[in-house]
Amino acid sequence: MAVVGHVSVILKLLLSLLVCHLHFTTLTQAGEGRWEDKYPFIREASTFSTLSYSTNKGYYDYIIVGGGTAGCPLAATLSQKFRVLLVERGGVPFANANVSFMQNFHISLADTSSTSASQFFVSTDGVFNSRARILGGGTCINAGFYTRAGPSYIQKVGWDSKLVNESYPWIEKQIVHRPNLAPWQEAVRESLLEIGISPFNGFTYDHIYGTKVGGTIFDRFGRRHSAAELLASANPKKLDVLVHAIVQKIDFDTSGKKPRAVGVIFKDENGKQHKAYLSTRKGSEIIVSSGAIGSPHILMLSGIGPKAELEKLNIPVVLDNKFVGQGMSDNPLNTIFVPTNRPVEQSLIQTVGITKKGVYIEASSGFGQSGDSISCHHGVVSAEIGQLSTIPPKQRTLEAIEAYRRSKKNIPHEAFRGGFILEKIALPLSRGNISLVTTNPDDNPSITFNYFSHPRDLKRCVDGIRIVEKIAKSKHFTNFTQCDKETLDRLLNMSIQANVNLIPKHTHNTESLEQFCKDTVITIWHYHGGCQVGNVIAPDHKVLGVHRLRVIDGSTFKESPGTNPQATVMMMGRYMGVKILRERLGRAAGL
């Protein structure tokens, strides 16, 4: 109960702190035209009743649940030959300044309102997190880094390497850019090489040991290009996209030997319920692409999952499968904030060190140091959170933190100057699960990741923190700050005391890096699992035990691909779309 109460207080606090608004020109003003003209097939969910009269009596060859990182390229591809309905619970990203501009990255994550692009939740581990709730999914709220999975990963999951190597460029040509390397990123790059994370592989999308610069979905103006823009490649005559469509469940015909998916029940933005029907044509399918949390959640709400758990909430059991929602994993992240002696340019992840110790090293900089930004709350991973560590945990009342926010404008800007060095576990062995709390699809399920429950993960974290310490003391960082052992200890203690999660802290204990890892663990949104191959789905992504249902997204992964998964999740959407068309039409699909 204490954790629930604490979460409630934090939610109210975050809402009360969202008092700033940065004024940027919209995409229309930037001369790119109205998004409605470019994407005429995107409509509000409430238009579905009118829409269905013109769509072959309302029947679709494919219904895709979730317009996210995988769902958008999948819908664009399948629409080349068949009628497709894509339903997304969030809104559109195109004119949303918090989504579209890199400068507002932190504000989008701090926004916990019902219309936010990100849905806040706290795992049972006590770690703050966010789920995407917008067309384009995680590509609308992430740090933008684009890098492919390695060949060994592709081989391990059994994908056709030729088709994979055709699918990645399809994404890259449309929305991926080469970054202009920021000074903080250059310093991290040189420091990584100085301490032996080599060779330098230059700019590349490939996953190679050493140090490299990867791609980004932010262009040179700092404007984000999300998976939603891949819908521009769709056949507009065969695709309908409904936003603010909250799927209640998948509907099944259970009269045969195996349940058959026949439609999707969803509510529109006004709360009115609708049902979209699947065509009876052979090969027609419902495809769930709602992400590592959303997909197992929807399957369970639809009656596919552990029987005892479903019956506990009076959900009719369509298929008893104890593996739905199991095998959840998140790549744990630990960061150190390094104050600088001058302002640093804003940057999200551009440089990465791919080590042989099972950890990745990345960096970000410059958020929270402008005059406008200091008046804002920046979410749970920001420089200003470190400043809150000056208030003892038991004294962090709403009144005390609100007083801090009001007085923040009087704090010297220098207090907010700096950047983060990030280390994350490459292939975590710790596993958790998802379980239902309510039958309301708007409510987050209970999510457990069991960070560092496997000793090898903890050892890797310690190795990663030691690498970060070396970077902070390297000669290439002396342009930003002098960092000796005393300074490092202070930085580590500041990170421990900072209110970045709900885990009980062991302050002033920098002698135990194991404890530091446990105390300061946060997420970088790379959670995966819940609908894994062999347990919930077959290798072709069809759900085991039912007809006409697939899952295509990160919930199917046993390991997160590459250093950052978005490239591979988008690629998988395109890859599976082409594969499905070829299976249904033969090579005549022309894709």
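Residues numbered from 1 in each chain as written. Predicted model: local features only at pLDDT ≥ 70, side-chain atom pairs only at ≥ 80, totals over all residues. Heavy atoms only, no water.

As a further point, take the packing of helix α5 (residues 71–78) against helix α19 (residues 566–585). Packing of α5 against α19 leaves a shortest axis separation of 7 Å and a crossing angle of 25°. Classified by the angle their axes make, α5 and α19 are roughly parallel. Considering the relative orientation of α5 and α19, their crossing is right-handed. Across the interface between the two elements, P73, L74, T77 and L78 of α5 pack against M570, G573, R574, M576, G577, V578, I580 and L581 of α19. Residue classes in the contact of α5 with α19 are distributed as eight nonpolar, three polar and one charged. (Axes fitted to C-alpha atoms, helices over the stretch in contact; angles between N-to-C directions. Helix = DSSP H or I, 4+ residues; strand = E, 2+ residues; numbered from the N terminus. Parallel < 35°, antiparallel > 145°, perpendicular 65-115°, else oblique. Left-handed = near helix turned anticlockwise from the far one by under 90°. Contact = heavy atoms within 4.5 Å. Nonpolar A, V, L, I, M, F, W, Y, C, P; charged D, E, K, R; others polar.)

Attention now goes to the nonpolar core. Counting residues in each nonpolar core, the largest one holds 74 residues, and the members touching the most others are W184, I250, I286, L299 and L549. Ranked by residue count, the leading element in this core is helix α16 (residues 455–473), at seven residues. Ignoring any residue separated from it by four or fewer positions in sequence, one finds L299 in contact with I250, I304, V324, C531, V536, L549 and V551. A70, F94, I217 and V243 belong to the second largest nonpolar core, which has 52 residues in total. (Core = buried A, V, L, I, M, F, W, Y, C linked by side-chain atoms within 4.5 Å. Buried < 20%, exposed > 50% of the residue type's maximum accessible area, 1.4 Å probe, protein only.)

With that settled, consider α19. In an α-helix, one full turn covers 3.6 residues, which means residues spaced three or four apart are oriented alike. Look at α19: 29 Å from first C-alpha to last across 20 residues, which is about the 28 Å you get at 1.5 Å a residue. Most of α19 is tucked away: 16 of the 20 residues are buried. Once α19 finishes, G586 follows within two positions and takes phi at roughly 80°, a positive value. (Expected span 1.5 Å × (residues − 1).)

With that settled, the discussion passes to the environment of P565. Inspection of the secondary structure assignment puts P565 in the loop between β25 (549–551) and α19. When its relative accessible area of 13% is taken as the criterion, P565 is described as buried. Sequence separation of P565 and T69 is 496 residues, and the distance between their C-alpha atoms is 9.9 Å.

Further remarks concern the sheet that holds β25. Pairing is parallel in the open sheet, where six strands are placed in the order β1-β11-β4-β3-β15-β25. Each edge of the sheet is formed by a strand with only one pairing partner; in this case those strands are β1 (42–44) and β25. The average angle at which neighbouring strand axes cross in this sheet is 20°, direction not considered. With five bridges connecting them, strand β4 (residues 84–88) and strand β11 (residues 239–243) associate as parallel partners. (Pairing = 2+ DSSP bridges.)

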